[in-house]
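# Overview (structure and organization)
So you can see what is in the structure, the chains are spelled out below.
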Amino acid sequence: MVPGPGGPRGPRGPEGSGGTGGQGDDQRRAAPSSGVPATVRVRAPGKVNLSLRVGAVQDDGYHPLVTVFQAVSLAEEVTLTERAAGAGILVEVTGPASDGVPTDRTNLAWQAVELVAERAGVDPDVHVELHKGVPVGGGMAGGSADAAAALVAADHLLHAGLSRDELHELAARLGSDVPFGLLGHVAVGTGRGHLLTPAMTRGELHWALGTRARGLSTAEVYRTFDERGPGDGSSAAEREPVHVDQDAELLQALGAGDTEGVGRALHNDLQAAALHLAPELADVLTVAERAGTLGAIVSGSGPTVAALARSPRHARAIGAAWTAAGVVDGVHVASGPTHGARIVHSVASDGPPRP
Ligand SMILES: C[C@@](CO)(OP(=O)(O)O)[C@H](O)COP(=O)(O)OP(=O)(O)OC[C@H]1O[C@@H](n2ccc(N)nc2=O)[C@H](O)[C@@H]1O
Ligand SMILES: Nc1ncnc2c1ncn2[C@@H]1O[C@H](COP(=O)(O)OP(=O)(O)O)[C@@H](O)[C@H]1O
């Protein structure tokens, strides 16, 4: 945690709250509060990596990437509501996929609220409700979407007035995938995946998403990649630097709205590592192929498998084939691209709903 312009962190708030309290820190002001608490809800998307190219691990433990993200219609909703002065942060998690999500300070949404409050110079007295629509630990960046949504929501609720660049900078501190959760649509990610260039695309892609109840740890998948390479016989340590030109075919197909071309160009250097850790994923890929997918791929670090379909109906048929074969624990149908973190509802203190 780096102190923001609001000054150094004050004493801790009430036990377990993580808030900074108001007393003893006269540089801080309480967030505006009155009879009706202000509230804001933000929706942020999960993602599929249409391509994920991974270079050799660097001294900082991270891998240089070239990745093409697409935001999809499975989304997280984060609602922030002001609490009484000194009450600190309270996180609650709901939704179909809420098991295993922390509600303490390790929750990325909690950290996002703290970062924004620090910048705004206010106490983070905020109730954070996460409604999780993205599979947890599935390689679809649900936690990153929570963080992106919480940044946008806290900026609004705490009147921080942060610029897009400032939000992006805070996002990159929270995780490599968080900046994309802010931006949405389709973008090429470089660096750790946090440096983004929007990509022009035409049309909509329809996905069947096969999920597994047990997630995979992103760090473990990257470690397995280091040990085993990308699965083409080459060593991870001796890899040529990854370059965006390698995705020229994919980007051209996306720009032309050529769905079959997109299907042919899907690529994931982490797929072999994910398959090593969860060999049963091979069956999920095979069943999708038999059901006529235009291309099936492990999403990011997995274990969700994303199968590109010709239509929403075809996506449902692929999902039904997975269910019939008993190779997945859950099926979602989604489409993309969709927008990044965006306010969908807000009420000011004591005021009428804002549009
Ligand atoms: C693999 C990807 C592909 O988009 O997504 P997921 O499949 O997890 O959603 C990302 O690279 C995950 O990004 P994110 O989940 O934000 O990662 P971070 O919190 O920044 O880092 C978690 C861990 O992943 C590893 N990591 C992450 C990014 C990167 N470029 N190189 C890495 O080696 C590091 O071991 C790090 O400790
Ligand atoms: N809002 C969150 N804050 C912190 N951790 C989270 C949050 N949501 C999920 N997690 C945890 O982080 C890990 C990875 O989460 P997630 O973003 O869902 O998957 P992935 O990194 O595979 O895309 C999981 O162990 C999950 O419990």
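Residues numbered from 1 in each chain as written. Chains lettered and ligands numbered in written order. Predicted model: local features only at pLDDT ≥ 70, side-chain atom pairs only at ≥ 80, totals over all residues.

## Describing the pairing of strand β9 (residues 295-298)
Burial along β9 is two-sided: Gly295 and Ile297 facing one way and Ala296 and Val298 facing the other are all buried. Two successive antiparallel strands, β9 and strand β10 (residues 305-309), enclose a turn made up of six residues, where glycine 300 displays a positive phi of approximately 55 degrees. (Buried ≥ 20, exposed ≤ 12 C-beta atoms within 10 Å, placed from the backbone. Helix = DSSP H or I, 4+ residues; strand = E, 2+ residues; numbered from the N terminus. Pairing = 2+ DSSP bridges.)

## A look at the sheet that holds β10
Sheet architecture is open: four strands sit in the order β9-β10-β7-β11, paired in antiparallel fashion. Strand pairing shows two members of the sheet lacking a second neighbour, β9 and β11 (330-336), which therefore form its edges. Each neighbouring strand pair of the sheet contributes to a mean axis angle of 25 degrees, computed without reference to strand direction. Pairing analysis gives four bridges linking β9 to β10, with the strands arranged antiparallel. (Axes fitted to C-alpha atoms, helices over the stretch in contact; angles between N-to-C directions.)

## A few points about the UniProt feature "domain: GHMP kinase N-terminal" (unreviewed entry) in the chain
Listed under "domain: GHMP kinase N-terminal" (unreviewed entry) in the UniProt record, and renumbered for this structure, are residues 107-184. From the first C-alpha to the last, residues 107-184 spans 21 Å; its make-up is 59% helix and 8% strand. (UniProt positions renumbered as here; feature names shortened; annotations may be inferred.)

## With respect to the site of ligand 1
Surrounding ligand 1, one finds 20 residues, the nearest of these being Gly139, Gly175, Ser176, Asp177 and Gly300. Among the elements of the structure, β1 (39-54), β2 (65-82) and α5 (218-228) are those that each provide at least two residues to the shell around ligand 1. Ranked by residues supplied to the shell around ligand 1, first place goes to α5 with three residues. Among the residues making up the shell around ligand 1, the classes are represented as six nonpolar, twelve polar and two charged. (Near = placed C-beta within 6 Å. Nonpolar A, V, L, I, M, F, W, Y, C, P; charged D, E, K, R; others polar.)

## Remarks on unusual backbone geometry
Among all residues save glycine, negative phi is the norm, and among peptide bonds the norm is trans. In the segment running from glycine 302 into proline 303, the intervening peptide bond is cis, with an omega of 5 degrees. Between glycine 336 and proline 337 the backbone carries a cis peptide bond, its omega angle lying at 5 degrees. Within the secondary structure, proline 337 is located in the loop between β11 and β12 (342-347). The backbone of alanine 141 shows a phi angle near 65 degrees, a positive value even though the residue is not glycine. Position of alanine 141 relative to the elements: it lies in the loop between β4 (126-131) and α2 (142-157).

## Examining the packing of helix α1 (residues 108-120) against α2
α2 packs onto α1 with a crossing angle of 30 degrees between their chain directions and a minimal axis gap of 8 Å. Taken together, α1 and α2 sit at an angle that is classed as roughly parallel. Taken as a pair, α1 and α2 cross one another with a handedness that is right-handed. In contact with Leu108, Ala109, Ala112, Val113, Val116 and Ala117 of α1, α2 contributes Gly143, Asp146, Ala147, Ala150, Leu151, Ala154 and Asp155. (Parallel < 35°, antiparallel > 145°, perpendicular 65-115°, else oblique. Left-handed = near helix turned anticlockwise from the far one by under 90°. Contact = placed C-beta atoms within 7 Å.)

## Describing the domain arrangement of the chain
As far as domains go, the chain holds domain 1 (39-198) and domain 2 (205-336). Relative placement of domain 1 and domain 2: their C-alpha centres are 23 Å apart. Tallying the contact residues gives 30 residues for domain 1 and 38 residues for domain 2. Of all elements in the fold, only β1, β2 and β5 (186-190) reach the threshold of two or more residues within the side of domain 1 that touches domain 2. Counting residues per element, the side of domain 1 that touches domain 2 draws most heavily on β2, at eight residues. Of the residues contributing to the side of domain 1 that touches domain 2, the split by class is 19 nonpolar, ten polar and one charged. (Domains from an automatic or database assignment.)

## Some remarks on the pairing of β1
Where burial is concerned, most of β1 is hidden: 15 out of the 16 residues are buried. Here β1 runs beside β2; their pairing, made up of 15 bridges, is antiparallel. Bridge pairing links valine 40 to leucine 80 in β2. Relative to strand β8 (residues 267-268), β1 is paired through two bridges, and the arrangement is parallel. Across the sheet, residue leucine 52 finds its bridge partner in β8, namely asparagine 268.

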